[in-house]
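# A closer look at the structure
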Amino acid sequence: MSASLNTACATTATAAAPPLAAPPLAAAPLAVLGRDVTVPLVTGGEVSYAALDYAASAPALQRVWDDVAAYAPYYGSVHRGAGYLSQLSTDLFEQSRVTVAEFLDCRPGDQVVFTRSTTDSLNLLASVLPAGCQVFVFETEHHASLLPWTNARVTYLNAPRTPAEAVATLERALAGRDPHGPALVCVTGASNVTGELWPVKELAAAAHAHGARIVLDAAQLAPHHPVSVRELDVDWVAFSGHKLYAPFGSGVLAGRADWLQEAEPYLAGGGASRKVARREDGGVEVEWHTTAARHEAGSPNVIGVYSIASACRALTEAGFENLVERERHLIAKVREGLAEVPAVRVLSLFGDDAPRVGVISFVVDGWNSSHFAAALSAEYGIGVRDGLFCAHPLVRTLLGSEPQAQGECGAPEAAPGERSLNAIRVSFGAGTPDEHVERFVRAVGELVADGAKWQYRTEEGRCVPAV
């Protein structure tokens, strides 16, 4: 590639990317889109929107948006074009792969495969499992890591109540498996319901001691804490761009190459194949790539991939030490505020002292969770999540119901005022200012003490203000 092309790529890749200084605690460490958006209140007037649903989708970093905007005029096809913009786009795409590998501290020989999401990444991994593979997964997982293993022998493990119990439970299960067949453990790094950190390094050691491999669902961990494939000693890691402050629907599966290289491509088509020729019998003979391209058929989401790389750079430059310290400050503020409201019960597997990321779920005595979330939105301009958070067995276990009971993702199961098995989740991160969590804590206290100021009704399974 020419020097001028390299210069253009470097200029584009570093646009709007100055070194990031640590801000005072009251300010958000990283600027996000939507920070100045105002929303109407049913009680009159407008207020700046408090986005406290980061665990579902974090707002895009301003830095990411600026980097993408700087690249957009250079957009072109990748891997197949001889033109300047195609070569530039190819360089950006492949450099993004390097950036992600560095962000995850991958080992030499690990592959970084770009997908649509964490869900897509784990389904990709499920599709390449060797024959006879046994999968071990805790019932506490998000559905993205609980459900893809339909072609394997799956052992579902009961919810542990301490990190040590999680390790012991896994060790007992692995000790009883067929020691000669392949095995895979799937575990989250941080719960999307409670925010609690899981003992990933210890679980990885247990898996490897019994001849099993392990994949880490880092969808909730990577935006909040550094993730080192090498240090944690996991075989694969999966995460989504839209939870890492990067829009456009891309994800990552990174880790060991052998199972990926030995399996049939996740999707068959252009880009995955190195050579295709007609056979004498009238069929076709295909030679597939052995690189990450083997599982990236079709035209890739170049902008989505580049946005992930931009977010990785921004988080690295901001310094996870600063981000973690700031988030602990916000977690303490929320937990202390909720503790002052007797009607509130915070959900937890490992107890109040367990380390966690900025994800907290709770229920309020006497309130349907959908009703409470609707009031937070309509009367205070606060966006949270209510429901079962695509982790039905876990939430039902925490709420004391049968873990096999079924429910609909994100939808309340009873009208406002009636008992329903769903909870409220508040989540935040590097783009959250203190004012948003302070408003949330104040709103919870006022709603419990005084009730809602507005009437609400159920419409298409959602609780909405009555008009």
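A quick note: this is a predicted structure, and the numbers were derived from the prediction, not measured.

## Observations concerning the overall build of the protein chain
The helix and strand inventory of the protein chain stands at 14 helices and 19 strands. The globule rule puts the C-alpha radius of gyration for 467 residues at 23 Å, and the 23 Å found for the protein chain is close to it. When the 467 residues of the protein chain are sorted by exposure, 55% land in the buried category. Distance from the positive charge centre (36 side chains) to the negative charge centre (52 side chains) of the protein chain: 3 Å.

## Concerning the sheet that holds strand β10 (residues 251-255)
Strand pairing within a sheet occurs via backbone hydrogen bonds; the two strands may be parallel or antiparallel. Taken together, 7 strands build an open sheet; the order of strands is β4-β10-β9-β8-β7-β5-β6 and the sheet is mixed. Of all strands in the sheet, those with a lone pairing partner are β4 (111-115) and β6 (153-157), marking the two edges. Adjacent strand axes in the sheet meet at a mean angle of 20° when their direction is disregarded. As defined by bridge partners, strand β9 (residues 236-240) adjoins β10 across 5 bridges and the pair is classed as antiparallel. By the bridge assignment, Ala238 is partnered in β10 with Leu253. Lying on the sheet, helix α3 (residues 84-103) is in contact with β4, β9 and β10; it crosses β4 at an angle near 115°.

## Describing the packing of aromatic side chains
The description of an aromatic ring pair rests on the distance of the ring centres and on the angle between the ring planes. Enumeration according to the criterion identifies 12 aromatic pairs in this entry. One aromatic cluster is present, built from ring pairs that chain together Phe362, Trp367, Phe372 and Phe440.

## What to know about a nonpolar patch on the surface
Together, Tyr74, Tyr84 and Leu85 give the surface a local cluster of nonpolar side chains, amounting to about 250 Å² of exposed area. Position of Leu85 among the secondary structure elements: in helix α3.

## Concerning the state of the cysteines
The final tally for this structure, using the stated rule, is 0 disulfides. With no disulfide of its own, Cys133 lies 11 Å from the sulfur of Cys186, the closest cysteine sulfur. Residue class for Cys133 comes out buried when judged on its relative accessible area of 2%.

## Considering the environment of Pro163
As for its position among the elements, Pro163 is in helix α6 (residues 163-175). Non-local contacts of Pro163, meaning those with residues more than four positions away in its chain, are made with Pro199 and Phe350.

## Concerning the packing of helix α12 (residues 369-380) against helix α14 (residues 434-450)
At a minimum axis separation of 11 Å, α12 and α14 run at an interaxial angle of 115°. Classified by chirality, the crossing of α14 by α12 is right-handed. Along its contact with α12, which presents Phe372, Ala375, Leu376, Glu379 and Tyr380, the element α14 presents Arg439, Phe440, Ala443, Val444, Glu446, Leu447 and Val448. Residue classes in the contact of α12 with α14 are distributed as 9 nonpolar, no polar and 3 charged.

## Some remarks on the confidence of the model for the protein chain
Looking at the protein chain, pLDDT values average 90 and 90% of them are 70 or higher. Scored below 50 in pLDDT, residues 402-419 shows 45 contacts in the model against residues more than four places distant or in partner chains.

## Topic: the sheet that holds strand β17 (residues 423-427)
Spatial strand order, β13-β14-β17-β16: 4 strands in an open sheet with antiparallel pairing. With partners counted over all chains shown, the strands left at the sheet margins are β13 (344-346) and β16 (385-387), one partner each. Put simply, the sheet's adjacent strands are angled 30° from each other on average, direction ignored. Across 4 bridges, strand β14 (residues 359-364) lies against β17 in antiparallel orientation.

## As for α3
If you check α3, its first and last C-alpha atoms are 28 Å apart, about what 20 residues at 1.5 Å a residue would give, namely 28 Å. When we look at burial in α3, the residues that qualify are Ser86, Leu88, Ser89, Thr90, Leu92, Phe93, Ser96, Arg97, Thr99, Val100 and Phe103. Directly after α3, the chain includes Asp105, whose backbone phi takes a positive value near 55°.

## With respect to unusual backbone geometry
Positive phi values are uncommon outside glycine, yet Phe389 reaches one of about 60°. Among the secondary structure elements, Phe389 is positioned in the loop between β16 and α13 (392-398). Unlike most non-glycine residues, Cys390 shows phi in positive territory, near 50°.

## Side note on the side chain of Asp235
Within the secondary structure, Asp235 is located in the loop between α8 (229-232) and β9. A distance of 2.8 Å separates polar atoms of two side chains, one belonging to Asp235 and the other to His208. In this structure the side chain of Asp235 is engaged in a polar contact, spanning 2.8 Å, whose partner is the backbone nitrogen of Ile214. In this view, Asp235 contacts Arg107, His208, Arg213, Ile214, Ala254, Gly255 and Arg256; residues no more than four positions away in its chain are not counted.

The rules behind these values
Residues numbered from 1 in each chain as written. Predicted model: local features only at pLDDT ≥ 70, side-chain atom pairs only at ≥ 80, totals over all residues. Heavy atoms only, no water. Helix = DSSP H or I, 4+ residues; strand = E, 2+ residues; numbered from the N terminus. Rg over C-alpha atoms; globule rule 2.2 N^0.38 Å. Buried < 20%, exposed > 50% of the residue type's maximum accessible area, 1.4 Å probe, protein only. Lys, Arg positive; Asp, Glu negative; His and termini not counted. Charge placed at Lys NZ, Arg CZ, Asp CG, Glu CD. Pairing = 2+ DSSP bridges. Axes fitted to C-alpha atoms, helices over the stretch in contact; angles between N-to-C directions. Contact = heavy atoms within 4.5 Å. Phe/Tyr/Trp six-rings, centres within 6.5 Å; stacked < 30°, edge-to-face > 60°. Patch = residues over 30% accessible without salt bridge, like charges linked within 9 Å, V, L, I, M, F, W, Y side chains within 5 Å. Areas by Shrake-Rupley, 256 points an atom, 1.4 Å probe, with all protein chains shown as cover. Salt bridge = Lys/Arg side-chain N within 4 Å of Asp/Glu carboxyl O. Disulfide = S-S within 2.5 Å. Left-handed = near helix turned anticlockwise from the far one by under 90°. Nonpolar A, V, L, I, M, F, W, Y, C, P; charged D, E, K, R; others polar. pLDDT = per-residue confidence, 0-100. Expected span 1.5 Å × (residues − 1). Polar contact = N/O pair within 3.5 Å; in protein donor to acceptor, adjacent residues only side chain to side chain.

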